[in-house]
Amino acid sequence: MVAVTCCGPDVQPAIPAPTYYLKSSNMSKAYSTEQSIYAGVDVGASHTKVALIDTAGHLCGHGVRKSGVNFSATAEMCLADALHMANCTPDQVTHTVSTGYGRHNVTYATGNQTEIGCHAKGCYFYFPEAITVIDIGGQDNKIIKLDSQGRRISFKMNRKCAAGTGAFLEEMATRLDIPLSDMDGLARQSSETVKIGSYCTVFSATEVLKYVRQGEKVQDIIKGLFASVIRRVLEMDALTEKVVMTGGVVAHNPYLIDLFEEHIGRVIMTPPFPQLAGAIGAALYAKANQTSDNE
Amino acid sequence: MAHEKKQLLRRLESAKELSRFMADYYYELNEAALSGKQKIAWCTSVGPAELLRSLGYLIYFPETHAAMLGATRMATEMIPTANAMGYSPEICSYLTADIGAFVKGITPLSTAYKGISSVPKPDVLVYNTNQCRDVLDWFNWYGDKFNAPVIGIQSHRSVGEITESHIASIASQIENLVAPLEQLAGRKLDMDALKQAVALSRECSDLWAKCLATASAKPSPLTFFDATTLMGPAVVGRGTLQAVKTYRLLLDELLERVAGGKGALVGEEKFRLYWDGMPVWGRLGMHSTMFAELNVNVIASTYCSSWIFSALDSSDPFKSMARAYTELFIARDDTYKEKYIQSKLEVFGCDGILYHNARTCPNNTNCLYGMPQRLFAKTGIPFVTMDGDLNDLRCLSDEQTKTNIEAFIEQLEEMK
Ligand code: SF4
């Protein structure tokens, strides 16, 4: 794994960046205190993410924390983390756009956009072509289709039920009594996938218990759960064009991407920091707002 | 200093007249129920109201009562009672809310209209299954409760082209209702009275159609959310002169707005949307404010147009009633529905469509069999689907709706 360096002193990025999706993010610049930067804050149901970009659109700092119950305070702390990483001061943040569930709780934001718009913008920044974005989040999944100009053609959100989302995997990890962070590694060791067919989280849990009772290997059950997540996503919409995946779930479980590729027989692209796609999109909106303010 | 709320929507003066109409309507029913001086028929929203009127019945529409339960947000508290009685949470939440409220001895009428303590007892219940089977189950339950006869029309569903045999079968079913209704009413059908009721019903329908058509003006003088409450007299008062008078007033006011270039939104009308499906009754205010804040006007809908009966013809009452009840959007096949919506999108100059996926009413939900995708392919007009329900607020997430709508408007802005 390539270590991600950043402009701040010894700050580890909040999420590891596997080699295969590390792109040209310029994280090693030193920023003079005069340089303007733009902040994007994505307050998700599960995690809050802050991304800072410079005038050239390069990611220069970020912060990720559990959203908890005080969205506003968490957003402040994430910003502080990101500023520390970027070696920047709060004064340098010229514009901030918030997004996500708690977008209206970010007191320092100068504007807000939906997470649909921000994920789309964040992905198009890295892949400027007609793409289908699949975001697997903590509480919901989104499928967003963009044309070659980056304009949204359609989008779909799944929030009726937790099935297929991060919350589903979290619930299943608890049932299986394993740490969430072990799921990816265990799934990779599976030799056979068990079939989890139900699209209700409660029914799926019953299926998992059945397999546990039958003595199936936990590795195979987890791979089955990953396959079930994929099926839930594929039921949402037809995938057209090139596919980009984002979200905390794939950031922490890159094996899901491999399985998804196997399933659809196509290469899946991921931005450098899949969990930050929405925050980066928000920061890009902040930068665009600044540009239009100056016009 | 007190924080002044920005006015987002213009109120319609004539709405007061329509509210008065509804009050008079319920008081008249209550009076009849208490005195027993006039017979009361319960009727489904597109049942044979004209026939009932001409036989002297006062008509009560349980669907309107159920919508009131929704609008007052009482429904969600009532539904579980019916669920526990064996009526699934997956079926019509008008039915479950209404039966639940009845069992609990609660009605929103008593809060809205002082002195009314219950729904009026029926002498007969008359249904038409042109909208769904749920109405029959609903009426049968009450028929049993009140020991009142349940009679009606078994309609054709998913009708493509309307043929003479469709009309003949429905017309004969309406005619077959005459004898039992005459017997209960204690009087013979006067054909002139029927013709007059049909004529008034047609006039009411034409006026309502004209009111809705004013929304094609830019900016639109009307919102869908206004229309859902303004349509009250078209639903409960068709066949009466009072309903006709009320809509004349409304139409005048709407035309005046159009002439003055005044829209229903105080601010700019940036986008115009078409609403397919039922309203979320418990969220009418919230939704109308949410759209207005985004400078979006939901101007037209399939739902509010369902009480336009252009086929009614007083010279041929039975057959024209049969045609009008069969022409109903909800009773038609998807090919018809698609063409219908497509033409509305053009007439009203809509920028997008919102499909309400109402959990408990697949009959009024048109996004379950690929129609949004097909219409999008034909028209290029973007769509968004909203998960919700007409009455059961357990089936929706306000947060999800807000994000969905905001994201959709962002999308429309990008496509501009
Ligand atoms: S059409 Fe829908 S809402 Fe109306 S009565 Fe039937 S099931 Fe209920």
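Turning to the overall build of chain B, a few remarks are in order. Scanning chain B from N- to C-terminus turns up 17 helices and eight strands. Overall, the C-alpha framework of chain B stretches about 65 × 50 × 40 Å when taken along its three principal axes. The buried share of chain B, taken over its 416 residues, is 61%. When contacts within chain B are restricted to residue pairs at least 6 apart in sequence, those whose partners lie at least 24 apart make up 79%. Just so you have it, chain B exposes about 16600 Å², and 51% of that area is on carbon and sulfur atoms. Of note, chain B has its 42 positive side-chain charges centred 3 Å away from the centre of its 48 negative side-chain charges.

Before going further, it helps to spend a moment on the sheet that holds strand 7 (residues 352–358) of chain B. Residue and element names in this part refer to chain B. One open sheet accounts for four strands, arranged 6-5-7-8; its pairing is parallel. Two strands close off the open sheet at either side, each with one partner strand: strand 6 (296–301) and strand 8 (383–388). Strand-to-strand twist in this sheet, taken as the mean axis angle between neighbours without regard to direction, amounts to 30 degrees. The pairing of strand 5 (residues 271–276) with strand 7 spans four bridges and is classified as parallel. In the sheet register, Tyr274 faces strand 7, and the bridge partner there is Ile353. Against the sheet, helix 17 (residues 398–415) contacts strand 5, strand 6, strand 7 and strand 8, and its axis sits at roughly 175 degrees relative to strand 8.

Here we take up the interface of chain B and chain A. Counting residues at the interface gives 17 residues for chain B and 19 residues for chain A. Regarding the contact of chain B and chain A, the summed buried area is about 1700 Å², with carbon and sulfur atoms giving 49% of it. In terms of surface lost to chain A, no three residues of chain B exceed Thr403, Glu410 and Glu414 of chain B, which account for 30% of the buried area on that side. Scanning the region where chain B abuts chain A turns up three salt bridges. With a shortest N-O distance of 2.8 Å, Glu406 of chain B and Arg103 of chain A are connected by a salt bridge. Run the count over chain B and chain A and you get seven residue pairs in polar contact (both at pLDDT 80 or more).

A few words now on the confidence of the model for chain A. Residue and element names in this part refer to chain A. When pLDDT is averaged along chain A, the result is 86; 86% of the residues meet or exceed 70. Mean pLDDT across the secondary structure elements of chain A bottoms out at helix 9 (residues 277–294), with 85, and peaks at strand 1 (residues 37–43), with 97. Contacts from residues 1–28, a stretch scored under 50 in pLDDT, to residues over four places away or in other chains number 65 contacts.

Moving on: helix 4 (residues 75–84) of chain B. Residue and element names in this part refer to chain B. Those residues of helix 4 that fall on the buried side of the exposure criterion are Ala75, Thr76, Met78, Ile79, Ala82 and Asn83. Taken end-on, helix 4 shows its buried residues confined to a sector of 155 degrees, consistent with a single buried face. Exposed and facing more than 90 degrees away from the buried side of helix 4 are Glu77 and Ala84. The positive-phi residue at the C-terminal boundary of helix 4 is Gly86, with phi of around 110 degrees.

It is worth spelling out the site of the ligand at this point. Close to the ligand lie Cys92, Tyr94, Gln131, Cys132, Asp134, Val135, Met278, Ile330, Cys361, Asn363, Asn364 and Leu390 of chain B, which account for all nearby residues. Here the shell around the ligand is composed, by residue class, of eight nonpolar, three polar and one charged.

Let us now look at the side chain of Lys223 of chain A. Residues and elements named next belong to chain A. On the secondary structure map, Lys223 appears in helix 6 (residues 218–236). Despite being buried, Lys223 has no salt bridge partner; Glu262 is the closest side chain of opposite charge, sitting 5.3 Å away. Sequence-distant contacts of Lys223, that is, excluding residues within four places in its chain, are made with Ala187, Ser190, Thr193, Tyr255 and Leu259.

What follows covers the nonpolar core. Inside soluble globular proteins, nonpolar side chains tend to come together where they are buried. Within the largest apolar cluster, 170 residues are counted, with the highest numbers of intra-cluster contacts made by Tyr26, Leu51, Tyr94, Leu181, Trp208 and Phe291 of chain B. Shared between two domains, this core holds at least three residues of each, these being domain 1 (19–117 + 276–287) and domain 2 (129–270) of chain A. Ignoring any residue separated from it by four or fewer positions in sequence, one finds Tyr26 of chain B in contact with Tyr60, Thr64, His65, Met68, Leu109, Tyr113 and Ile116 of chain B. Core analysis: the second largest hydrophobic core is formed by 37 residues, Ala173, Ile230, Tyr255 and Leu256 of chain A among them.

The final tally for this structure, using the stated rule, is 31 salt bridges over all chains. Across the pair Glu269 of chain B and Arg272 of chain B runs a salt bridge, and its minimum N-O distance is 2.6 Å. The network of salt bridges with common partners includes Arg103 and Glu115 of chain A together with Lys402 and Glu406 of chain B.

What counts as what
Residues numbered from 1 in each chain as written. Chains lettered and ligands numbered in written order. Predicted model: local features only at pLDDT ≥ 70, side-chain atom pairs only at ≥ 80, totals over all residues. Heavy atoms only, no water. Helix = DSSP H or I, 4+ residues; strand = E, 2+ residues; numbered from the N terminus. Buried < 20%, exposed > 50% of the residue type's maximum accessible area, 1.4 Å probe, protein only. Contact = heavy atoms within 4.5 Å. Areas by Shrake-Rupley, 256 points an atom, 1.4 Å probe, with all protein chains shown as cover. Lys, Arg positive; Asp, Glu negative; His and termini not counted. Charge placed at Lys NZ, Arg CZ, Asp CG, Glu CD. Pairing = 2+ DSSP bridges. Axes fitted to C-alpha atoms, helices over the stretch in contact; angles between N-to-C directions. Buried area = accessible area lost by both parts, 1.4 Å probe. Salt bridge = Lys/Arg side-chain N within 4 Å of Asp/Glu carboxyl O. Polar contact = N/O pair within 3.5 Å; in protein donor to acceptor, adjacent residues only side chain to side chain. pLDDT = per-residue confidence, 0-100. Arc of directions from axis to C-beta. Near = heavy atom within 4 Å. Nonpolar A, V, L, I, M, F, W, Y, C, P; charged D, E, K, R; others polar. Core = buried A, V, L, I, M, F, W, Y, C linked by side-chain atoms within 4.5 Å. Domains from an automatic or database assignment.

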